2 protein chains.
Amino acid sequence: MVEFVNCFEVPAGGEDAFFAVWEKVNTHMRGRPGYLGHELFRSLSPQATFRFVNHARWESVDAWQAAHDETFRALVADAPFTSTPGLYEIVHTVTP
Amino acid sequence: MVEFVNCFEVPAGGEDAFFAVWEKVNTHMRGRPGYLGHELFRSLSPQATFRFVNHARWESVDAWQAAHDETFRALVADAPFTSTPGLYEIVHTVTP
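First, a word on scope: everything that follows refers to the structure included in this document. These numbers come from a predicted model, not from an experiment.

A few words now on the relation of the copies chain A and chain B. Once chain A is rotated about the relating axis by 180° and shifted along it by 0.0 Å, it coincides with chain B to within an RMSD of 0.0 Å. The relationship between the two copies is best expressed as a two-fold rotation axis. Distance from the rotation axis, computed per C-alpha, reaches its smallest value in chain A at Cys7(A): 4.3 Å. Both copies present the same face, since 97% of the interface residues in chain A are matched by interface residues at the equivalent positions in chain B.

In structure tokens form, the structure reads like this:
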């Protein structure tokens, strides 16, 4: 399993436009093989550097890469926000 | 409950120095009232913008704020990395 984290810088007042694009992309991704779920985080403060953060899980790096197809590229072509996507592994965890 | 997300920019080769500071801060935080757990993410690529991302959960905003005491401030005073901390709520989630 691999963890995907994407931090979004969204202009003030641009939350609805962000979510409209994000939801379309997410619907596409959820239909691809190897998608294991996600949580979308919204900052409590509208002034946060990253207004939204998405954390998703995929079965493998290959499955994640394969999902970035033509449909994906078309959906994000005019996205009204900047993103910082990356693949991660969990290296430290505690649940008291 | 409130979600805390912190994205860390760590200079290449600075992973051990980052983790040494992060672990001390995390040990402090884990002992504060209202701490509910965390996962520390490390990027698969050393070139990722955010080499580490921490996701923690707290019982409340007040508990999170109270943990940022003198001990915390001393621990992060000379941290060899930049961080982008913020409080979040989960607004969309799917687990297929």
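There's plenty left to go through after this.
Take the environment of Gly34(B) next. Along the chain, Gly34(B) falls in the loop between α1 (15-30) and β2 (35-43). Those residues within four positions of Gly34(B) in sequence are excluded, and the remaining contacts are Arg57(B), Trp58(B), Glu59(B) and Ala63(B).

All names here are of chain B. In this model α1 runs 21 Å from its N-terminal to its C-terminal C-alpha over 16 residues, within 8% of the 22 Å that 1.5 Å per residue would give. Residues of α1 that are buried: Glu15, Phe18, Val21, Trp22, Val25, Asn26, His28 and Met29. Angular distribution of buried residues about the axis of α1 spans 155°; they occupy a single face of the element. Of the residues in α1, the exposed ones pointing more than 90 degrees away from the buried face are Asp16 and Lys24.

The next subject is the pairing of strand β3 (residues 52-58) of chain B. All names here are of chain B. When you tally the buried positions in β3, you get 7 out of 7 residues, the bulk of the element. Of the two faces of β3, both are covered, the one formed by Phe52, Asn54, Ala56 and Trp58 as well as the one formed by Val53, His55 and Arg57. Here β2 runs beside β3; their pairing, made up of 7 bridges, is antiparallel. Among the inter-strand pairings, His38 is bridged to a residue of β3, identified as Ala56.

The partner chain B presents 36 residues to the 37 residues of chain A that form the contact. Interface area, chain A with chain B, both sides summed: about 3100 Å², of which 67% is carbon and sulfur. Looking only at chain A, the three residues that lose the most surface to chain B are Phe41(A), Tyr88(A) and His92(A), adding up to 22% of its buried area. Put simply, chain A and chain B have 2 salt bridges between them. Arg42(A) serves as the salt-bridge partner of Glu89(B), at 3.0 Å between the closest nitrogen and oxygen. Taken together, chain A and chain B are joined by 16 residue pairs in polar contact (both at pLDDT 80 or more). Breaking the side of chain A that touches chain B down by element, the ones donating at least two residues are β1 (2-9), α1 (15-30), β2 (35-43), β3 (52-58) and β4 (82-94) of chain A. Sheet topology note: the β4(A)/β2(B) ladder contains 6 bridges and is antiparallel.

What counts and how
- Residues numbered from 1 in each chain as written.
- Chains lettered and ligands numbered in written order.
- Predicted model: local features only at pLDDT ≥ 70, side-chain atom pairs only at ≥ 80, totals over all residues.
- Heavy atoms only, no water.
- Least-squares fit on C-alpha atoms with pLDDT ≥ 70 in both.
- Contact = heavy atoms within 4.5 Å.
- Helix = DSSP H or I, 4+ residues; strand = E, 2+ residues; numbered from the N terminus.
- Expected span 1.5 Å × (residues − 1).
- Buried < 20%, exposed > 50% of the residue type's maximum accessible area, 1.4 Å probe, protein only.
- Arc of directions from axis to C-beta.
- Pairing = 2+ DSSP bridges.
- Buried area = accessible area lost by both parts, 1.4 Å probe.
- Salt bridge = Lys/Arg side-chain N within 4 Å of Asp/Glu carboxyl O.
- Polar contact = N/O pair within 3.5 Å; in protein donor to acceptor, adjacent residues only side chain to side chain.

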